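Secondary and tertiary structure notes
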Amino acid sequence: MISMRFSRWAFALSVGLLLIVSSFGLPASIFAEPVQEETKAGNTIYHDYGELTADLQAIEFAYPLLTKLESIGQTWEGREIWAMKISDNVDIEEPDEPELFFNGCHHAREWLTVEVCYWFIIYLVENYTSDPTATYLIENRQIWVVPMVNPDGREYDGGAQGDEPSSYQNWRKNRRNNGDGTFGVDLNRNYGYMWGVSGACSDTSSEVYGGPSEFSEPESQACRDFARNHSFVGSISFHSHSMLILWPWGWSFEEPPDNEVLSTLGVEMSNNITNLAGSSSWPYTPEQACGLYPTSGGDIDWLYGELGILAYVTELYPGGSDGGAAISAPYNRFHPREDKVIPVVLDNIPGMVCMSMIADNPNQIIDHIVLTPNPDSQLINQDTTGYYMITAHNDGKRTDTFDITSSGPSGMTINHPNAINLLKGGSMNFTLDVTVPAFYIGGDYTIWINATSQTNPSCHYGTQVTVTVPFYYDTAIVSHSPFVENGQYPQGSIDMTAEVMNLGQADLDPFNLTCTISQMGASLPNPVFTEDFETDLSQWTIHDHDQSQSSSEWKLDPAAHNGV
Ligand SMILES: [Zn+2]
């Protein structure tokens, strides 16, 4: 049974009308027709697990073409962990539509995080066709939302009232029975990337107990398997509180390989987050997750480190300098007063939209160029020239001119344009021609090609091509038979064949061939027969000995060397 919560809706609408339109153009009225089923005594805007389950099912019922609800796993106490997909053609995977992953409530008491996830779903489905941004995202993205990663912990934290901030238990972890009288693992210390390396805690009673092993918990396993089964470009894991936007690494102060995209997107999201909540700590502070001290086992390090997902934590309202009745008893910083919920939701949707909009190509927020050689390796003979086609694609944020430089082995002549102009989104091909001097000995040589933005010298991109120079004279025994080691040849006639290949550049090269047969004994092998083929081949029966062929075959004359 679904009961309408008109008071909540009326409040959402009034806040919506006040919405400061972000750069992505959220409409003034973004919510309609909330649905909710009460399963515990509490009756606040906050969703406990039963209410969330009922509301997600109601959304799927109301929007069967736009939403799909599935369980990604079960908790210790047997609750389903719900994931909702929002997209057109929702029942099929559409590889051309980038996937996004938003989740909340890794930590039980962080109730606001559930609401941000839940209302983002509502924003998308309620505004499909009426709002260009929501319509675009539904038609061009595959958005997955897991509002409550840790329902066991959330239910425990809610106490008997479920969703009344006054009855909270201040619980953070899940509800694993640790077997020593304590309960719970910090799910955000349990992910299997550099697990336990820094900020580790093996004390089961600790708030940040990382678990007995990495991915020991069904909730983190569910998120792991879910992420592996998709191709997420970006993710936000919502936490509270402190008004931060955090990106990898959490375990180390090292810069991540994609630091420029990660930090730029972090700043962009911060720039889009509004302040309807009226925080004195606004704006949200973007920074690397390790912050003042490293912690390991967080989900974003694993999502980024193993899967390359642009993974963020957003710590919600309130900030450190916020005070007042909204977060004073019976409320607190994890469970702010109800009238803060929708403003915090509305503040954060533009950040989620920001990430979703750029997911088709995250490089579009930075200066960026990609060079793709074709071919990326080829054989070039001494004293000749080979050509590589290099495709340059400016997938960065603006039209730019790029200096092209190269470096290669000394003596090789490498020609290419000195600079190229590329419109934003534009591509062009240029030719790299490489001349190998006559004296070059055979082998593989690497040439680096670099493009550097004239506008922003920190924007540079390198790629490489391989020049394979042939050896002029080169041969190999590519196969032979029989091969007996520590064995015994039978008496009589034995066929031994060997295939010789000319791997060099020159044709019909006169190779010297030598055959040695040794008697194996307890000491060193004792040569009993050596033939260098240079004087005559009288000791051999010759089959197919023809220098015009790539292989020839000889037989040892059994009359001359019977028994060897
Ligand atoms: Zn948290």
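All residue numbers refer to position in the chain's written sequence, counted from 1. Local features in a predicted model are, by the rule used here, given only for residues with pLDDT of at least 70; side-chain atom pairs are given and counted only at 80 or more, and totals for whole chains, interfaces and linings are based on all residues. Side-chain numbers come from the whole structure's heavy atoms, not from hydrogens or water.

**Regarding the overall build of the protein**
For the record, the criterion: The helix and strand labels rest on DSSP assignments: H or I over at least four residues marks a helix, E over at least two residues marks a strand, and numbering proceeds from the N terminus. Summary of the burial criterion: residues with accessible area below 20% of their type's maximum are buried, those above 50% are exposed, and those between are partly exposed, where the area comes from a 1.4 Å probe applied to protein chains only. By definition in these notes, contact holds between two residues if any of their heavy atoms fall within 4.5 Å. Every accessible area reported is derived by Shrake-Rupley at a probe size of 1.4 Å, with residue values counting cover from the shown protein chains alone.
A tally of regular secondary structure across the protein gives 9 helices and 23 strands. Per-residue burial for the protein yields a buried fraction of 52% across its 564 residues. Partitioning the contacts of the protein with sequence separation of at least 6, the portion at a separation of at least 24 is 69%. For the protein, the accessible surface area stands at approximately 24,600 Å², while carbon and sulfur atoms represent 51% of it.

**Comments concerning the sheet that holds strand 2 (residues 80–86)**
Operational definition: By the convention used here, strands pair only if DSSP detects at least 2 bridges between them. Axes, fitted as lines to C-alpha atoms, cover a helix only where it is in contact. Angles between the N-to-C directions of the axes lie from 0 to 180 degrees.
Pairing within the open sheet is mixed, and its 8 strands lie in the order 1-2-4-3-5-8-6-7. Looking along the sheet, the strands with just one partner apiece sit at the ends: strand 1 (67–74) and strand 7 (285–288). With strand direction ignored, the average angle separating the axes of adjacent strands in the sheet is 20°. Alignment of strand 5 (residues 232–240) against strand 8 (residues 310–316), held across 7 bridges, turns out to be parallel. Looking at strand 8, one finds that G234 is bridged to L310.

**Thoughts on the coordination of the zinc ion**
To keep it simple, the criterion reads: Think of the donor list as every N, O and S atom within 2.8 Å of the metal, or within 3.2 Å for Na, K and Ca; water never makes the list, so a site can look incomplete. Under this scheme a four-donor centre is tetrahedral when all angles range from 85 to 135 degrees, a four-donor centre is square planar and a six-donor centre octahedral when opposite donors are above 155 degrees with the rest from 65 to 115, and any other centre is irregular.
Ligation of the zinc ion by protein atoms is provided by H107 (ND1), E110 (OE), E110 (OE) and H239 (ND1), these donors lying 2.0 to 2.3 Å from the ion. Here the zinc ion is ringed by 4 donor atoms whose angles at the metal span 59 to 154°, and the overall shape comes out irregular. Look at where the donors of the zinc ion fall in the sequence and you get H-x2-E-x128-H. Here E110 is found in the loop between strand 3 (99–104) and helix 3 (111–126), whereas its partner H239 is found in strand 5, with 129 residues between them in sequence. Comparing E110 with H239, the two get one shared label, buried.

**A word on the packing of helix 7 (residues 259–272) against helix 9 (residues 341–357)**
We apply this condition: Crossing handedness is defined as follows: a turn of the near helix away from the far one that is anticlockwise and smaller than a right angle gives a left-handed crossing, while the clockwise case is right-handed. In this classification, the charged set is Asp, Glu, Lys and Arg, the nonpolar set is Ala, Val, Leu, Ile, Met, Phe, Trp, Tyr, Cys and Pro, and all remaining amino acids, among them Gly, are polar.
Between helix 7 and helix 9, whose axes approach to 7 Å, the crossing angle comes to 145°. Our pair here, helix 7 against helix 9, has a crossing hand that is right-handed. Mapping the contact onto sequence places L265, E268, M269 and N272 in helix 7 and D347, P350, G351, C354 and M355 in helix 9. Taken together, the residues that form the contact of helix 7 with helix 9 break down as 5 nonpolar, 2 polar and 2 charged.

**Thoughts on empty space enclosed by the protein**
Threshold: Of the two site types, the cavity is a set of points on a 1 Å grid over the protein atoms alone where a 1.4 Å probe fits but cannot get out, and the pocket is an open set with protein on both sides within 12 Å along at least five of seven lines, each lined by residues with an atom within 4 Å of a point. Grid points are joined across faces, edges and corners, and a volume is the space filled by probe spheres set on the points.
Inspection of the entire model under this criterion finds 1 cavity of 30 Å³ or more. In this structure, the largest cavity spans a volume of roughly 40 Å³. Taken together, I236, F238, I245, M269, I273, T314, N348, G351 and M352 form the lining of the largest cavity. For the lining of the largest cavity, the elements supplying multiple residues, two or more each, are strand 5 and helix 9. By residue number, the principal contributor to the lining of the largest cavity is helix 9, which donates 3 residues. Across the lining of the largest cavity, the residue classes break down as 6 nonpolar, 3 polar and no charged.

**Section: the pattern of salt bridges**
Definition in use: Salt bridges are defined by distance alone: a side-chain nitrogen of Lys or Arg within 4 Å of a carboxyl oxygen of Asp or Glu.
Scanning the entire structure with this criterion turns up 12 salt bridges. In this structure, D186 and R172 form a salt bridge, with 2.8 Å as the shortest nitrogen-oxygen distance. In this pair, D186 is assigned in the loop between helix 5 (151–158) and helix 6 (218–228) and R172 in the loop between helix 5 and helix 6, connecting sequence segments 14 residues apart. Assigned by exposure class, D186 and R172 land together as buried. Taking the shortest distance from any N to any O, the salt bridge between R398 and D367 comes out at 2.7 Å. Placement of R398 in the loop between strand 11 (385–393) and strand 12 (400–407) and of D367 in the loop between helix 9 and strand 9 (370–374) is noted, with a sequence separation of 31 residues between them. The buried category is assigned to D367, whose relative accessible area is 4%. Ionic contacts of the salt-bridge type, sharing partners, join the residues E77, R79 and D152 into one network.

**Let's talk about the confidence of the model for the protein**
Here is the rule: The pLDDT value expresses, per residue, how confident the predictor is, ranging between 0 and 100.
On average, the protein scores 86 in pLDDT, and the residues at 70 or more come to 80%. Confidence drops under pLDDT 50 across residues 32–38; counting only partners more than four residues distant or on other chains, this segment forms 34 contacts. Note that pLDDT drops below 50 for residues 560–564; the model gives that stretch 7 contacts with residues more than four away or on any other chain.

**Re the side chain of K68**
Test applied: Under the convention used here, Asp and Glu are negative, Lys and Arg are positive, and both His and the chain ends fall outside the count.
Secondary-structure assignment places K68 in strand 1. Despite its burial, K68 pairs with no opposite charge, the nearest such side chain being E70 at 4.0 Å. Those residues in contact with K68, other than ones at most four positions away along the chain, are E60, A83, M84, K85, V90, D91 and W144.

**Comments concerning the sheet that holds strand 13 (residues 413–415)**
Read from one edge to the other, the open sheet built from 4 strands follows the order 9-11-15-13, with strand pairing classed as antiparallel. The sheet terminates laterally at strand 9 and strand 13, the two strands that pair on one side only. Ignoring which end each strand starts from, the neighbouring axes of this sheet average 25° apart. With 3 bridges joining them, strand 13 and strand 15 (residues 427–435) adopt antiparallel strand pairing. When the bridges of strand 15 are listed, N415 appears paired with D433.

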